[in-house]
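Each chain is listed here by its residues.
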Amino acid sequence: MSTTAAVVVYGATGHTGRFIVAELQRRGFTTIVSGRNAAQLEALAAEWPGVEPRPATVDDPASLDRALAGAAAVVNAAGPFAVTGGPVVEAALRAGIPYVDVAAEIEANVAMFADHADAAREAGVPVVPAMAFYGGLGDLLATAVMGEWTSADIAHVAYGLDSWHPTPGTREAGQVSHDRRAGRRVRFADGSLQYHDDKPWEQEWPFPAPLGRRTVIGEFTMADVVTLPSHLAVPEVRTYMTVEAAGDLAGENTPAPEPVDDLGRSDQTFLVDVLLAAGGVERRATARGQDIYAITAPLAVEAVDRILTGRTRTTGVASAGAMFDAADFLRALSPYLSIEFSH
C-alpha cells in the first residue's frame with residue numbers, strides 16, 4: 001500500500017523501534033521518527049528516503065504535540081512504558097489520532113486500560129496497548145481459538161524460546177516493573193490480578209513438534225494476563241517460559257541480540273502455544289517464528305494499517321483480539337509466522 005498519511009514512531013532509534021520503521025517503510029507508509037535523542041534520530045532518518053525526524057521528550061507535552069502534528073497515527077516503541085505510555089497516549093488523544101504501543105510491562109498495560117479508557121472512548125480514538133509479541137500475539141491466538149465459545153475455564157500461554165538475549169530496553173523496563181510491584185510476583189486467577197510472594201516453580205509443558213516436551217517456569221507472568229481478560233471471559237490465565245530463556249533473561253552477562261540476516265533478525269526461534277479449556281474440551285493454537293523483537297514490527301504495523309483502513313471492531317482502549325478480527329489478522333501474518341490450530 002502507499003499512503004501520504006504519516007505514522008510517528010516514538011522510540012524509533014531503539015532495537016524494536018528500528019524494526020517498526022523498517023516495516024512501515026516496506027509497506028509504503030510515510031514515516032516520522034521521534035524520541036529524545038535528536039542526533040540519533042537524524043542518523044536514522046538518513047538511512048531512509050523521506051523519513052522525517054522530530055525530537056520530543058515525554059516530560060515536554062508541547063514537543064510531543066509538535067511530533068504528532070499532522071500525523072495519522074503513533075506507535076510508541078519507547079520503554080519503560082510506565083514512563084512513556086501516559087504522556088504519548090495523552091498527546092495522541094489531544095491530536096485525535098490512534099495510538100498503538102508494544103508494551104510488555106504488566107503494570108503499564110493495566111494503567112493504559114484504567115487511566116485512559118474513558119478519554120479514548122469519548123474521543124472515539126482507537127488505543128491498542130501491548131500490540132507486540134508479548135500480550136498481542138497471545139491475545140490474537142486465544143481469541144481465534146475461542147471461536148464461538150462465550151467463555152473458557154482457563155487459558156494457558158506457553159512460550160517456547162530457544163534463547164532470550166534481552167535488549168537494554170527490556171532490562172530497564174523489567175527493572176521498572178519489578179520496582180513498581182516491590183519485587184512481588186503477579187498472577188491472574190479468580191477473575192483478577194493477584195500480587196503474591198510465592199516462589200516460582202518448574203514443570204513440563206508438551207510443546208508441539210519440533211520443540212517437544214520442555215521444562216518451563218510456571219507463572220512466568222507476561223502481558224497476556226492483562227490483554228486476554230480485558231475482553232475474554234476467562235477467569236484464569238497462566239503463562240509459562242522455557243527455563244533456557246528465563247535463565248538468559250536473568251543472566252547479567254547475557255549479551256543483546258545480534259543480527260544474522262538481512263532483516264536484522266537474531267537467530268532466536270520461538271513457539272507460542274496457547275491452550276484454552278472449557279468443560280473438559282481443549283482447543284489449541286501454535287505460532288512459530290524467528291526473533292521476538294522483529295516479529296513485533298509486523299504486529300504493530302498491521303494494527304496501524306487496519307485502524308487506518310477502518311478494519312476495526314471497536315474504539316477506545318482495546319487489546320488486539322478485541323480491536324481486530326483475530327483470525328483474519330493472524331492470516332495476514334503468514335509471511336512472518338507459521339500458525340496451526342487444533343480443535
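Each value, and the rule that gives it
- Residues numbered from 1 in each chain as written.
- Predicted model: local features only at pLDDT ≥ 70, side-chain atom pairs only at ≥ 80, totals over all residues.
- Heavy atoms only, no water.
- Helix = DSSP H or I, 4+ residues; strand = E, 2+ residues; numbered from the N terminus.
- Rg over C-alpha atoms; globule rule 2.2 N^0.38 Å.
- Buried < 20%, exposed > 50% of the residue type's maximum accessible area, 1.4 Å probe, protein only.
- Pairing = 2+ DSSP bridges.
- Expected span 1.5 Å × (residues − 1).
- Polar contact = N/O pair within 3.5 Å; in protein donor to acceptor, adjacent residues only side chain to side chain.
- Contact = heavy atoms within 4.5 Å.
- Axes fitted to C-alpha atoms, helices over the stretch in contact; angles between N-to-C directions.
- Parallel < 35°, antiparallel > 145°, perpendicular 65-115°, else oblique.
- Left-handed = near helix turned anticlockwise from the far one by under 90°.
- Nonpolar A, V, L, I, M, F, W, Y, C, P; charged D, E, K, R; others polar.

A. Representation of the overall build of the protein chain within the structure. For the protein chain, the count of helices and strands is 12 helices and 16 strands. Over its C-alpha trace the protein chain gives a radius of gyration of 19 Å, about what one expects of a compact globule, namely 20 Å for 343 residues. Viewed in the frame of its principal axes, the protein chain has a C-alpha envelope of about 55 × 45 × 40 Å. Taken across its 343 residues, the protein chain has 55% of its residues classed as buried.

B. Examining the pairing of strand E10 (residues 201–206) more closely. For E10 and strand E11 (residues 213–218), the ladder comprises six bridges, and the chain directions are antiparallel. Along E11, the bridge assignment pairs Pro-206 with Arg-213. In this structure, the hairpin formed by E10 and E11 is closed by a connection of six residues, where Gly-212 is found at a positive phi of approximately 75°.

C. Examining unusual backbone geometry more closely. Note the cis peptide between Gly-79 and Pro-80, where omega equals -5°. In this fold, Pro-80 is placed in the loop between strand E4 (73–76) and helix H4 (81–95). In this structure, the amide linkage connecting Ala-209 to the following residue, Pro-210, adopts the cis form with an omega of 5°. Here Pro-210 shows up in the loop between E10 and E11. Phi is positive for Asp-291, which is not a glycine, with a value near 70°. As for its position among the elements, Asp-291 is in the loop between strand E14 (281–290) and helix H10 (292–308). Given a relative accessible area of 0%, Asp-291 falls into the buried group.

D. Representation of helix H1 (residues 15–26) in the model. Under the 1.5 Å per step criterion, the end-to-end length of H1 is 17 Å for 12 residues, consistent within 8% with the ideal 16 Å. Looking at H1, one finds that the buried residues are Thr-16, Gly-17, Phe-19, Ile-20, Val-21, Glu-23, Leu-24 and Gln-25. Positive backbone phi, at 85°, marks Gly-28, one or two positions downstream of H1.

E. Spotlight on the side chain of His-196. Here His-196 is to be found in strand E9 (residues 192–196). A relative accessible area of 6% means that His-196 is categorised as buried. Engagement of the side chain of His-196 in a polar contact is seen with the backbone nitrogen of Asp-198, the distance being 3.1 Å. For His-196, the contacting residues outside a window of four places in its chain are Arg-184, Arg-185, Val-186, Arg-187 and Glu-219.

F. Summary view of the pairing of strand E3 (residues 52–55). In this sheet, E3 lies alongside strand E2 (residues 29–35) in parallel orientation, the contact comprising four bridges. Bridge pairing in E3 places Ser-34 opposite Arg-54.

G. Fine view of helix H7 (residues 168–180). For H7, built from 13 residues, the straight-helix expectation of 18 Å at 1.5 Å per residue is met to within 8% by its first-to-last C-alpha distance of 18 Å. In the segment just after H7, Ala-182 is the residue with positive phi, at about 55°.

H. Layout of the packing of helix H6 (residues 133–146) against H10. Packing of H6 against H10 leaves a shortest axis separation of 10 Å and a crossing angle of 60°. When the axis of H6 is compared with that of H10, the two are oblique. H10 is crossed by H6, and the crossing has left-handed handedness. Here H6 contributes Phe-133, Tyr-134, Leu-137 and Leu-140 to the contact with H10, which in turn contributes Ile-292, Ile-295, Thr-296 and Leu-299. Among the residues forming the contact of H6 with H10, the class breakdown is seven nonpolar, one polar and no charged.

I. The arrangement of the side chain of Arg-187 in detail. For Arg-187, the position within the fold is in strand E8 (residues 185–189). Only 2.8 Å separates the side chain of Arg-187 from the side chain of Asp-198, close enough to count as a polar contact.

That's the geometry; what it means functionally is another story.
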